[in-house]
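Structural characterization, general
The lines below spell out each chain.
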Amino acid sequence: VTAGQREKNLLKGYLTLNRINTYIRSIESSVGIEFPGNLNIRFQFMKSINSERTFAIYYPLEDFIGIVLIPFTSAEGTELNTKVLDNSIMHELGHLYITKRLDKLGKPQSYKRLIRLPVGENLIHEGIAEYIARKSSGIDKDSFKDSQYRTLLMKKQLTEKEEIKLFYEGGYHLVKPIIAE
């Protein structure tokens, strides 16, 4: 058994159905929305990932959440940050909730076509998913300032950190007061 296989098995053990059910119960109790049906999960093993944040992704066309498994070895001195993993999965569950709700309402969903969303639509989608993740994990911190929208939107090319700042943090900042009412 290689280090990568050992880590893959450890991560799969961490993400048992009971753990996922804990995420769902947390979302239902803190946000007040009922789970919208079946949950399909697929494990995706990768040797590395370019993002510091992404451990999961929701695929709306196939209707499943992919859990990204990355090998972490003690030789590299890296450990899995379970809080980041928890938040990432709850964020993707937020996308699943949004998709199912919009489907039920018969609303068109451009992100299902796997195209780059317009900025405003992306802010709302990521903001709602981030709201669900933060509310259900008890992390309600909002340090984004209104002035940051202009600064970030005026740039021609955003770095990954700037995109996270704009869409995740800025989206959360945008939708939080609306949803909270």
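Just above, that's the structure.
Residues numbered from 1 in each chain as written. Predicted model: local features only at pLDDT ≥ 70, side-chain atom pairs only at ≥ 80, totals over all residues. Heavy atoms only, no water.

With respect to the pattern of salt bridges
Where we set the bar: The term salt bridge refers to a pairing of a side-chain nitrogen on Lys or Arg with a carboxyl oxygen on Asp or Glu at a separation within 4 Å. Helix and strand definitions here come from DSSP, where helices need a minimum of 4 consecutive H or I residues and strands a minimum of 2 consecutive E residues; each element is numbered from the N-terminal end. In this scheme, a residue with accessible area under 20% of its type's maximum is buried, one over 50% is exposed, and one in between is partly exposed, where area comes from a 1.4 Å probe on protein chains only.
Following the criterion strictly, the structure yields five salt bridges and no others. Between Asp63 and Lys100 there is a salt bridge whose closest N-O contact spans 2.6 Å. Of the two residues, Asp63 sits in the loop between strand S2 (56–59) and strand S3 (64–69) while Lys100 sits in helix H3 (residues 82–105), which places them 37 residues apart along the sequence. For Lys165, the salt bridge goes to Glu169, with nearest N and O atoms at 3.1 Å. Within this pair, Lys165 and its partner Glu169 are both found in helix H6 (residues 160–180), separated by four residues, close to a single helical turn. On the basis of relative accessible area, Glu169 is assigned to the partly exposed category, the value being 23%.

Comments concerning H6
In plain terms, the rule: The length a helix should cover is 1.5 Å for every residue beyond the first. Think of it this way: the bend at a residue is just the angle between two axes, each fitted to seven residues, one set ending at that residue and the other starting at it.
The end-to-end C-alpha distance of H6, which contains 21 residues, comes to 28 Å, matching closely the 30 Å that a straight helix rising 1.5 Å per residue would cover. At Leu174, H6 shows its strongest bend, of approximately 30 degrees, with the proline Pro177 following within four residues. The complete set of buried residues in H6 reads Glu162, Leu166, Phe167, Tyr168, Gly170, Gly171, Tyr172, His173 and Val175.

Regarding the side chain of Ser26
Heads up, the condition is: Pairs of N or O atoms within 3.5 Å make up the polar contacts considered here, provided that, within protein, one atom can donate a hydrogen while the other can accept it, and that residues adjacent in sequence are counted only when both atoms are side-chain atoms.
Summarising the element assignment, Ser26 is placed in helix H2 (residues 17–31). On the basis of relative accessibility, which here comes to 19%, the residue Ser26 falls in the buried class. Within the structure, the side chain of Ser26 is placed 2.5 Å from the backbone oxygen of Ser136, a separation counted as a polar contact.

Here we look at the nonpolar core
Keep this limit in mind: Only buried Ala, Val, Leu, Ile, Met, Phe, Trp, Tyr and Cys residues count toward a nonpolar core, and they belong to the same one when joined by side-chain atoms within 4.5 Å.
Among the nonpolar cores identified, the biggest contains 18 residues, and Ile65, Ile89, Leu93 and Tyr97 are the most heavily contacted of them. Within the residue set of this core, elements represented by two or more residues are H2, S2, S3, H3 and helix H4 (119–137). Of all hydrophobic cores here, the second largest spans eight residues; its members include Leu123, Tyr149, Leu152 and Tyr168.

Some thoughts on the environment of Ile128
Applicable threshold: Residue contacts are defined here by distance: any two heavy atoms, one from each residue, within 4.5 Å place the two residues in contact.
Note that Ile128 resides in helix H4. Between the alpha carbons of Ile128 and Lys176 there is a distance of 7.9 Å; along the sequence they are 48 residues apart. In this structure Ile128 touches Ile98, Val175 and Ile179, once residues within four positions along its chain are discounted.

Comments concerning the packing of aromatic side chains
Condition: Within 6.5 Å between ring centres, the rings of Phe, Tyr and Trp (the latter by its six-membered ring) count as paired, and their orientation is classed by plane angle as stacked under 30 degrees, edge-to-face over 60, tilted in between.
Scanning the entire structure with this criterion turns up four aromatic pairs. Between Phe35 and Tyr97, the ring centres sit 5.7 Å apart and the planes meet at 80 degrees, which makes this aromatic pair edge-to-face. Here Phe35 is found in the loop between H2 and strand S1 (41–45), whereas its partner Tyr97 is found in helix H3, with 62 residues between them in sequence. The same class applies to Phe35 and to Tyr97, which are both buried. Each ring, one from Tyr59 and one from Phe64, has its centre 4.6 Å from the other, and the planes form 25 degrees; the classification is stacked. Here Tyr59 falls in the partly exposed class, since its relative accessible area comes to 25%.

A closer look at the packing of H4 against H6
The axes of two packed helices give the description: the angle between them and the distance between them. Put simply, the rule is: Each axis is a line fitted through C-alpha atoms, taken for helices only over the stretch in contact, and angles between the N-to-C directions span 0 to 180 degrees. Relative orientations are named as follows: roughly parallel for angles under 35 degrees, roughly antiparallel for angles over 145 degrees, roughly perpendicular for angles from 65 to 115 degrees, and oblique for any other angle. Three classes are used, and their members are as follows: Ala, Val, Leu, Ile, Met, Phe, Trp, Tyr, Cys and Pro are nonpolar, Asp, Glu, Lys and Arg are charged, and the others, Gly among them, are polar.
For the pair H4 and H6, the least separation of the axes is 6 Å and the interaxial angle reads 75 degrees. Put simply, H4 runs roughly perpendicular to H6. Contacts between H4 and H6 involve Val119, Asn122, Leu123, Ile124, Glu126, Gly127, Ile128, Glu130, Tyr131 and Arg134 on the former and, on the latter, Leu166, Phe167, Tyr168, Glu169, Gly170, Gly171, Tyr172, Leu174, Val175, Lys176, Ile179 and Ala180. Looking at the contact of H4 with H6 residue by residue, the class counts come to 13 nonpolar, four polar and five charged.

Structural notes on the environment of Ile179
Inspection of the secondary structure puts Ile179 in helix H6. Looking at Ile179, the relative accessible area reads 36%, which means it is partly exposed. On a C-alpha basis, the gap between Ile179 and Val31 in space is 9.6 Å, while along the polypeptide they are 148 residues apart. Contacts of Ile179, omitting those with residues within four sequence positions, involve Ile128 and Tyr131.

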